Amino acid sequence: MSAESNLHGSYAYTDTLKGVFYGPGSVKTALPKLLNMLGAKKALIVTGKSLFNKTDVVKTIESILRERDAYGATFHDIGEHAPVAGIRAGLQKFKDAGADVIVSVGGGSPVDASKAILYFVHQERGGAYLPQIAIPTTLSAAEYTVGAGYTNEKGHKVAVNAPELAPSGIILDAELTLATPERLWLSTGIRALDHAVENLYRPLLPPPIKHLCYAALADLFKYLPASKADPLDVGARQKLQIASWMSLWPLKLPKYSALGLSHSLGHKLGATYGIPHGITSCLTLAPVVALKAETASKEDKEWLAGALFYLRKPSTGSLEGDIKQLSVEIQQLVDSLGLHSTLSQYKVPQTDVQTVAERAVGKEDPLFPKVVGLLEGIYA
């Protein structure tokens, strides 16, 4: 029996996490509690330009920190896919402010940029890693992981990771998401769906977390359409933030394990061609699931096929048929949210398909020709 079978394994929570606080309006009490837990004195807020310039969200966080005399500075020059120039500037801002904690506010880019800043602080100073408190306003779930992806000088996505980089505190306050643009909010919901689905066939993932992923799947399918129908429904938004948490439950792996092919393709497409993270999942997840009907192990097929039960959909009568139906359901959800996308739309040259596939799986991988075909299929 394979050592990666679900009948073998281990589980440990991330070392750093002191608490996840959730609920509409929770930031007002949760942020002071977390600062106390961490013994943090001076915070640098790391966020993006739009959130800083177009909403009051950052001002709300600044005022909470000022009440405690814990406000150091705000850095808002973090772009999509966290370009390294912004990270270097944020590192200098962190040092200039005399900060000992980062409060990241926004989507995956500020959260990952904050991890990278703290990684480089540690590289310079040594000693213990300094903490991050993450306050997400999208559903990308970067706040639950130990790794940070950012874009290097050549425009390629690279990463740093260490167990100590996982945020020390997370605040899920749905009221802070009301200003998030609809397309960003819904597409990062598909990103969370991507986490939940790919975790069903991720190596070394323990079964209890796979069952949390089923719960995440059910809630994402239910509450993403509800949130689109009524963008001011704070309850639906809170349910979606919790679903995002379940999709990428904090986990300390005995060795690094990539999520899966949809994420790998997304990383190769996103930074290089300027495609937002959530949209890469809208492009790749459904076709990758369809491919799994052909290529996955029996155990992985069983986990994928099991998703139909949680979506209250009848079985087709075969594992492969159920997985193909899951692919159809995912694509229908993407389309119903107004998120149907193509590689042509993002001006990805068709001549680059083989390069993208090679960077995702390697030219020698038996899957390589199928991945080329998959990419060619999402041009139309």
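Preceding this section is the structure that the text describes.
Source: prediction; values computed, not measured.

Peer 1: What is the right way to look at the overall build of the protein chain in this model?
Peer 2: Tallying secondary structure elements over the protein chain gives 15 helices and eight strands in all. Here the protein chain has a C-alpha radius of gyration of 20 Å; the compact-globule value for 380 residues is 21 Å, and the two agree. Reported as C-alpha extents along the three principal axes, the dimensions of the protein chain are approximately 60 × 45 × 40 Å. Evaluated residue by residue, the protein chain yields a buried proportion of 57% over its 380 residues. Taking the intrachain contacts of the protein chain between residues at least 6 apart in sequence as the baseline, contacts between residues at least 24 apart amount to 77%. On the protein chain, roughly 15,600 Å² of surface is accessible, and the fraction owed to carbon and sulfur atoms is 54%. Measuring between centres, the 38 positive side-chain charges of the protein chain sit 3 Å from its 36 negative side-chain charges.

Peer 1: Is there a simple way to think about the pairing of strand E6 (residues 147-151) in this case?
Peer 2: Side-chain positions along a regular strand alternate between the two faces of the sheet. Where burial is concerned, most of E6 is hidden: four out of the five residues are buried. Relative to strand E7 (residues 157-161), E6 is paired through five bridges, and the arrangement is antiparallel. Within the sheet, the bridge partner assigned to tyrosine 150 lies in E7 and is valine 158. Remark: five residues form the turn of the hairpin made by E6 and E7, two consecutive strands paired antiparallel; glycine 155 in that turn has positive phi of roughly 85 degrees.

Peer 1: Is there a simple way to think about the side chain of threonine 14 in this case?
Peer 2: Turning to its location among the elements, threonine 14 is positioned in the segment before strand E1 (19-22). Owing to a relative accessible area of 7%, threonine 14 belongs among the buried residues under this scheme. Every residue in contact with threonine 14, bar those within four places of it in the chain, is listed here: Val146, Ala166, Pro250, Leu251 and Lys252.

Peer 1: Please explain the pairing of strand E5 (residues 132-136) as it appears in this structure.
Peer 2: Within E5, five of the five residues are buried, which leaves it mostly tucked inside the rest of the structure. Neither face of E5 is open: one carries Gln132, Ala134 and Pro136, the other Ile133 and Ile135, and all of them are buried. As a crossover connection, the stretch from strand E4 (residues 101-106) through helix H5 (residues 108-125) into E5 is right-handed. Both E5 and strand E8 (residues 169-172) contribute to a ladder of two bridges, which runs parallel.

Peer 1: What should I look at first to understand the packing of aromatic side chains in this one?
Peer 2: A ring pair, where both rings are aromatic, is described by two values, the distance of the centres and the angle of the planes. Within the structure shown, the criterion is met by seven aromatic pairs. When the centroid spacing of 6.3 Å and the interplanar angle of 75 degrees are considered together, the rings of phenylalanine 120 and tyrosine 150 count as edge-to-face. Here the residue phenylalanine 120 occupies a position in helix H5, and tyrosine 150 occupies one in strand E6, the gap between them amounting to 30 residues. Judged by its relative accessible area of 23%, phenylalanine 120 falls in the partly exposed class. Ring centres of tyrosine 214 and tryptophan 303 lie 5.9 Å apart, and the angle between their planes is 35 degrees; on these two criteria the pair is classed as tilted. One end of the pair, tyrosine 214, is in helix H7 (residues 207-229); the other, tryptophan 303, is in helix H11 (residues 298-305), with 89 residues separating them in the sequence.

Reading the values: rules and limits
- Residues numbered from 1 in each chain as written.
- Predicted model: local features only at pLDDT ≥ 70, side-chain atom pairs only at ≥ 80, totals over all residues.
- Heavy atoms only, no water.
- Helix = DSSP H or I, 4+ residues; strand = E, 2+ residues; numbered from the N terminus.
- Rg over C-alpha atoms; globule rule 2.2 N^0.38 Å.
- Buried < 20%, exposed > 50% of the residue type's maximum accessible area, 1.4 Å probe, protein only.
- Contact = heavy atoms within 4.5 Å.
- Areas by Shrake-Rupley, 256 points an atom, 1.4 Å probe, with all protein chains shown as cover.
- Lys, Arg positive; Asp, Glu negative; His and termini not counted.
- Charge placed at Lys NZ, Arg CZ, Asp CG, Glu CD.
- Pairing = 2+ DSSP bridges.
- Right-handed = clockwise from strand over helix to strand, strands pointing away.
- Phe/Tyr/Trp six-rings, centres within 6.5 Å; stacked < 30°, edge-to-face > 60°.

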